[in-house]
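Understanding the architecture of this molecule
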Amino acid sequence: MNVKSISESHNTQQQSEETYKIFTVTVISGKGGVGKTSITSSLAYVLAQQNRQIIVADADVDAPNLAILFTPENSYNNIEHSEILEKSRETHKQTVQTSEKAEFIPEKCTHCKQCIDQEFCSFDALSWDENKKIPIIDVVACEGCKACQLLCPSHSFQINPVNSGTITTIMTDYGFPLISGETILGSQTSGKMVTELRKIAEVQAKQENRDFLLMDGPPGIGCPVLAAITGVDFIVFVTEPTTAALHDINRAISIVKSFNIPFGIIINKKDMNLEMYSELTAFFKQKGYEILGSFPINSRWPYAIVSQEPIAKFLEDQEILQEFEAIAEKLWNKRENCKEIIEN
Amino acid sequence: MSETKTIKIAVPSTSDQGLKAKATTRFGRCPIFTIVSLNDGEIETVSIIENKASQAMGGAGPLAVQSIANEGVNTIIGGYYGPNAANALKQANIQMFGPLKKENATVAELIDAFLKNELEEINSATSPGHRY
Amino acid sequence: MTYNSLKKESITQNIANRSFPPIIAVTGGKGGTGKTLVATNLAVAFTQSNSRVLLVDCDVENPNTFILLGKSLENKLVSSQPIDIFIPKFNKEKCVKCGICQKGCYRHAILQFPEHYPSLMEHLCSGCQVCQRICPHDAIEAGARQIGTKYFIPNAFENLDLLVGELTPSEALSAFIVENLISQATTPEIMNQYDIIIIDSAPGAHCDVEKILNASDMVISVTEPTPFGEHDLNRILELLRLINKPSYFILNRSNLTNESDFLTKKLSSDITKYLGNIEVDKTIMEDYAKGKPFVQDSRTFPAKNQFLEIFHKIQAIIKPIHDNMPSNLRIKKAD
Ligand code: SF4
Ligand code: SF4
């Protein structure tokens with residue numbers, strides 16, 4: 001068989017999906033409440049103002065808030081968040097299934113109670129209904145590990161995929177799409193939701209020729225955070241000058257370093273504790289970490305959230321705007337540098 | 001590369017068209033593996049297997065490795081291998097080769113490049129992948 | 001199959017006949033609203049009224065209670081214990097390389113190549129033990145892998161013991177650690193020693209939080225007067241509606257915006273009742289930075305008074321539990 005001839009006859013027009021490279025930046029903070037979402041929204045706003053072709057994703061799937069800041073015409077006073085999404089320029093909404101759970105089939109059960117007596121479930125998701133003499137599955141605790149399915153002598157369990165949340169795409173007023181994920185309450189699969197969300201954002205980015213993905217990450221350092229930072233190109237840490245925030249950021253940095261991802265730090269509310277602020281900057285500098293910028297406390301900051309606008313837009317404060325612009329510029333340059341490396 | 005031993009190559013592919021199928025660099029989540037046996041630098045057989053791992057809820061990399069290893073594959077020409085996949089491929093003693101630096105390469109083109117020794121051998125994970 | 005339909009089994013319970021000591025969960029949805037601040041100060045406030053308190057830090061991704069109490073985990077008096085999950089250990093003498101364990105593992109954590117012994121990709125394993133149970137040749141033994149640590153700090157303050165769970169960075173199974181902490185805290189031996197147990201929860205409304213809410217007798221959510229605070233609290237309330245627990249909320253940093261009054265009205269419902277507000281306060285920030293609970297600050301300032309008012313309300317709410325339970329019968333009632 002002639003290998004060559006076959007390959008030449010195959011035509012190649014489409015851009016292959018693997019060669020499309022989207023530069024991804026994730027903003028995380030470890031500790032909540034340090035201004036991560038406000039800062040992400042402003043960076044998105046400023047990048048869009050600079051005519052960058054960006055796409056934004058809210059990967060804080062257990063508490064997605066970014067859409068609130070990009071839907072200014074709906075006063076939050078009247079409308080619930082999910083309705084905000086629906087009412088505004090929702091372009092796409094889909095349910096995702098990222099996990100599996102056990103289902104009990106009563107007809108097959110012979111009431112032998114082995115599932116309980118022999119502790120089939122290692123996740124404590126099975127209990128016994130003394131009246132009906134059948135097991136009860138706690139769906140929240142169920143991991144979908146298939147133990148019950150594999151071990152039940154009368155095959156009374158079945159494992160099914162279940163809905164784990166929704167992913168919604170809206171077109172913001174600022175000219176870029178926003179992809180938000182929201183998990184079903186009590187979900188254990190936030191990590192997989194984030195992975196799913198990223199896939200959807202990447203497909204959309206490719207369709208619209210957007211090559212910069214800015215992602216608002218989840219709090220903490222657990223599974224969803226790991227999913228939001230694996231394989232990204234740059235991480236932005238947002239922190240504040242408190243011992244607790246420093247403790248949390250150090251834990252987060254230890255992970256990012258183990259993943260070998262370059263990162264920079266934004267210090268918010270720096271005048272909250274100026275002594276600690278200089279300690280913090282000295283510490284970061286000594287470690288060789290890049291400080292991207294910093295912001296002072298601004299009493300009008302929370303009102304931007306109430307008005308549902310990115311801080312950089314709402315405050316109309318030149319200094320703050322310039323700081324955001326400078327940070328956005330730095331992020332954009334990282335992308336340019338990264339591109340050169342790939343091309344060479 | 002020893003020319004006498006039978007080489008069984010798996011190529012992650014996007015369709016079931018055998019040698020004409022477009023190759024993909026996505027290892028764990030590709031829909032199809034095209035499996036090509038080479039003997040003495042000649043293609044002996046071409047077969048395809050569906051990649052069950054493409055629909056897996058997690059651990060797609062190791063599952064995909066498991067299924068090609070069960071087919072007796074000893075060489076893979078993909079592109080990017082996540083840490084789980086790379087680890088599993090090593091344990092399975094499957095040699096990894098890098099992608100052809102050309103868009104939309106077909107399985108045939110990859111095999112061709114492989115026979116000409118144009119592909120780079122890979123020893124560790126090349127993409128950060130999804131660890132969880 | 002929905003979460004909803006399966007949770008209907010849960011039964012409405014009267015707070016007074018639940019358990020002794022009462023377990024109070026402090027949560028809120030959004031991060032950084034002051035959950036840990038409220039939990040630690042609540043714990044200290046209870047000790048000041050002569051209660052023995054166990055504070056359990058279940059924000060295992062980022063435990064901060066000890067920092068707010070000015071304590072360190074690297075202290076001689078602190079006892080630490082690894083938290084391990086099960087992993088399979090393959091016994092080569094018994095294994096016949098049949099591959100059944102590999103096929104049964106839902107995480108695809110086991111590899112078993114033709115003619116080879118199985119091997120494990122440790123970080124994919126969830127510890128479900130399915131492989132061990134289904135191996136027909138009894139070739140899988142129990143191994144262990146550490147995913148976190150728990151710390152016990154006795155007498156963090158007078159009458160206050162602190163139990164902290166910490167997830168090892170890069171690990172994913174936080175719920176397992178939460179589970180471990182809760183089951184330790186609810187053993188009769190532990191419960192016997194305290195008059196009240198307070199749990200500090202992680203942000204969000206995921207399964208870690210759900211586990212904590214389920215284990216508690218009273219839930220206090222801390223939020224702030226912004227749409228973020230409101231949205232995230234609503235997710236918690238939705239969760240609480242499903243599991244049916246007495247629930248209250250506190251508006252922290254209430255003068256951050258001028259939305260407070262509006263929000264308290266809007267959020268108060270039969271699912272959750274308003275306990276009070278705490279204003280932004282410089283003194284609180286100072287104490288926070290020093291790792292000192294602000295209820296111990298001898299100065300008087302509005303935010304402290306507001307907090308104490310909330311504390312007295314909480315005391316009144318849990319009083320029936322204390323009253324109903326003779327002090328010689330301080331054992332958790334079976335559910
Ligand atoms: S099921 Fe048991 S005997 Fe079979 S391969 Fe696994 S460990 Fe070995
Ligand atoms: S314990 Fe469960 S997840 Fe771990 S290897 Fe065994 S079957 Fe797989």
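This section reports on the structure supplied with the text. (Residues numbered from 1 in each chain as written. Chains lettered and ligands numbered in written order. Predicted model: local features only at pLDDT ≥ 70, side-chain atom pairs only at ≥ 80, totals over all residues. Heavy atoms only, no water.)

Moving on: the overall build of chain A. Each helix and strand counted, chain A has 13 helices and 13 strands in total. Expressed as a percentage of its 344 residues, the buried residues of chain A come to 60%. Within chain A, counting contacts between residues at least 6 apart in sequence, those at least 24 apart form 76% of the total. For chain A, the exposed area adds up to about 13,700 Å²; of that, 45% sits on carbon and sulfur atoms. (Helix = DSSP H or I, 4+ residues; strand = E, 2+ residues; numbered from the N terminus. Buried < 20%, exposed > 50% of the residue type's maximum accessible area, 1.4 Å probe, protein only. Contact = heavy atoms within 4.5 Å. Areas by Shrake-Rupley, 256 points an atom, 1.4 Å probe, with all protein chains shown as cover.)

Most peptide bonds take the trans form, and the phi angle of most residues other than glycine is negative. All names here are of chain A. In this structure, K113 is a non-glycine residue whose phi angle is positive, near 65°. Within the secondary structure layout, K113 lies in the loop between β4 (99-104) and α5 (114-117). By relative accessible area, which is 24% here, K113 ends up partly exposed.

What follows deals with the packing of helix α9 (residues 227-243) of chain C against helix α10 (residues 260-267) of chain C. Residues and elements named next belong to chain C. At a closest axis distance of 12 Å, the pairing of α9 and α10 adopts a crossing angle of 15°. On the basis of the axis angle, α9 is roughly parallel to α10. The two elements α9 and α10 cross, and the hand of that crossing is right-handed. From α9, E230, L233, N234 and L237 reach across to α10, where they touch L263, K266 and L267. Counted by class, the contact of α9 with α10 contains 4 nonpolar, 1 polar and 2 charged residues. (Axes fitted to C-alpha atoms, helices over the stretch in contact; angles between N-to-C directions. Parallel < 35°, antiparallel > 145°, perpendicular 65-115°, else oblique. Left-handed = near helix turned anticlockwise from the far one by under 90°. Nonpolar A, V, L, I, M, F, W, Y, C, P; charged D, E, K, R; others polar.)

With that out of the way, let us pick up the packing of aromatic side chains. The geometry of an aromatic ring pair is captured by two quantities: the separation of the ring centres and the angle between the planes. Under the definition given, this model contains 19 aromatic pairs over all chains. Each ring, one from F70 of chain A and one from Y174 of chain A, has its centre 5.7 Å from the other, and the planes form 65°; the classification is edge-to-face. In this pair, F70 of chain A sits in the loop between α3 (66-69) and α4 (81-87) while Y174 of chain A sits in the loop between β8 (165-171) and β9 (177-183), placing the two residues 104 residues apart along the sequence. Measuring from centroid to centroid gives 5.3 Å for F294 of chain C and F307 of chain C, while their planes differ by 75°, and the two rings are edge-to-face. Remark: F307 of chain C occurs in helix α12 (residues 302-324) and F294 of chain C occurs in the loop between α11 (282-290) and α12; sequence separation between them is 13 residues. You'll find F294 of chain C and F307 of chain C in the same group, each marked buried. Through successive ring pairs, a cluster of aromatic residues spans F237, F263, F283, F284 and Y289 of chain A. (Phe/Tyr/Trp six-rings, centres within 6.5 Å; stacked < 30°, edge-to-face > 60°.)

Turning next to the interface of chain C and chain B. Taken together, the 14 residues of chain C in the interface contact 16 residues of chain B. For the pair chain C and chain B, the summed buried surface comes to about 1,300 Å²; carbon and sulfur atoms form 58% of the total. Put simply, chain C and chain B have 0 salt bridges between them. On inspection of chain C and its partner chain B, the count reaches 3 residue pairs in polar contact (both at pLDDT 80 or more). (Buried area = accessible area lost by both parts, 1.4 Å probe. Salt bridge = Lys/Arg side-chain N within 4 Å of Asp/Glu carboxyl O. Polar contact = N/O pair within 3.5 Å; in protein donor to acceptor, adjacent residues only side chain to side chain.)

Let's shift gears to the site of ligand 2. Residues and elements named next belong to chain C. Near ligand 2 you find 13 residues, and of these C105, C125, C128, Q129 and C131 are the closest. Where the shell around ligand 2 is concerned, the elements lending two or more residues are β3 (79-90) and α5 (130-134). Residue classes in the shell around ligand 2 are distributed as 9 nonpolar, 3 polar and 1 charged. (Near = heavy atom within 4 Å.)

Lining the immediate environment of ligand 1, one finds 14 residues, of which C95, C98, G99, C101 and C135 of chain C sit closest. Of the residues in the shell around ligand 1, the class split is 11 nonpolar, 2 polar and 1 charged.

Contact residues are listed per partner, giving 60 residues for chain C and 70 residues for chain A. Both faces considered, chain C and chain A share a buried interface measuring about 5,200 Å² in area, 61% of it formed by carbon and sulfur atoms. Across the contact surface, chain C and chain A share 3 salt bridges. The residue E166 of chain C makes a salt bridge to R251 of chain A at a minimum N-O spacing of 3.1 Å.

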